[in-house]
Amino acid sequence: MLFSSFILSLAFSNIWSKWFISSSDYDAMVLSSVEEKMPTYIFYRLDSINDLGYEWIYIVYSPDFAPVREKMLYAATRATLRKLFGGGQIREEVFGTVPSDISLEGYKSHVVSQNAAVPLTFAEEELKMVKETETNHHINVNSKHQTVQGISFPISDEAIEKIEQMKSGSINYVQLAIDTNNETINLDNCLDTSVENLNSRFPLDHARYHLFLYKHSHEGDYLESIVFLYTMPGYKCPIKERMLYSSCKSTLLDVLEKMMGLTILRKLEITVGEDIVNDDFLYNEVHPPKNVVKTAFAKPKGPAKKGPRRLTKPATSTS
């Protein structure tokens, strides 16, 4: 509870103080003690006590339209006055340029801003979420917990059934989506699709996991290879959703490969709108072209030396 205040002004070298016993009207005590264009120092005593005694609010009022000389004088003596008064007794220091800044509402806003979390960038928020989800637990198909690699959500029975059908070759496409509210991985789409129509399966505003049975021929042999696609539409997707899909990817792959026995030949990350998935793209990913090492040009050797050169004297002419 606010208790009393001590007002100190350096204007024209005049110093005066006022003591208020009433604690019912902060604005009446503080705002009535300042002049519109005159800087002022105000010390307001609180009921709270620390080891040094009562705690105080140090209010510095310096209006924008005050004389330059006065503003410079107050700016130069602000830290000195705080030190002489006793920094250990000052709980808050409030600075204001208009009366509303040092009013009771202004003081409350100052306290809220001081205690508020530091604003973070997108990258810092993602890093914060990753650190919050890093812990060490065991991975299970039906478990929902955090792991070192990320987050593990349980897979729905319907999704498991369709994945088993893909494993047997009955279907060629399964799309999985994370339910952020229930924290589960559910089946979103399982209609058979071709390579040409695969891009149309990628949502433009949400991330998804895709399992595609790529049927093709390689060196005369017919092959069926399962490809895992993790599609992300850039920054159109909410941060929380981006973080969940990124954190769940590795644990989902562990479940699919180690527990369900699914053989995934390639794992690809696709940025929707930038990467185009077609037959040539998948073929080169499944069967990367071999790097043919070209032999560097060999410079032919010069003729073999027959020994050290002999010095010969030029013939002299005789008259």
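Everything that follows concerns the structure shown earlier in this document.
Remember, predicted model here, so these are calculated numbers, not experimental data.

A. Spotlight on unusual backbone geometry. For E183, which is not glycine, the phi torsion reads 55° and is therefore positive. Residue placement: E183 occurs in the loop between β7 (173-179) and β8 (184-189). Its relative accessible area of 33% is what places E183 among the partly exposed residues. With a phi close to 55°, E219 is a non-glycine residue in the positive phi region. Along the chain, E219 falls in the loop between β9 (208-218) and β10 (221-232).

B. Focus on the pairing of β7. The buried fraction of β7 amounts to six of the seven residues, a majority that puts the element mostly inside the structure. Relative to β9, β7 runs antiparallel, the two being bridged by four bridges. Each residue of the ladder has a partner; that of V174, found in β9, is L211. Linking β7 to β8, which pair antiparallel, is a turn of four residues; within it E183 sits at a positive phi near 55°.

C. Quick peek at the sheet that holds β9. Strand order in the open sheet formed by five strands is β8-β7-β9-β10-β11, and the pairing between neighbours is mixed. With one partner strand each, in any of the chains shown, β8 and β11 (264-271) form the two edges of the open sheet. In this sheet, neighbouring strand axes are inclined to one another by 30° on average, regardless of whether the strands run parallel or antiparallel. With 11 bridges joining them, β9 and β10 adopt antiparallel strand pairing. Its bridge partner lying in β10, S217 is registered against Y222.

Conventions used here
- Residues numbered from 1 in each chain as written.
- Predicted model: local features only at pLDDT ≥ 70, side-chain atom pairs only at ≥ 80, totals over all residues.
- Heavy atoms only, no water.
- Helix = DSSP H or I, 4+ residues; strand = E, 2+ residues; numbered from the N terminus.
- Buried < 20%, exposed > 50% of the residue type's maximum accessible area, 1.4 Å probe, protein only.
- Pairing = 2+ DSSP bridges.
- Axes fitted to C-alpha atoms, helices over the stretch in contact; angles between N-to-C directions.

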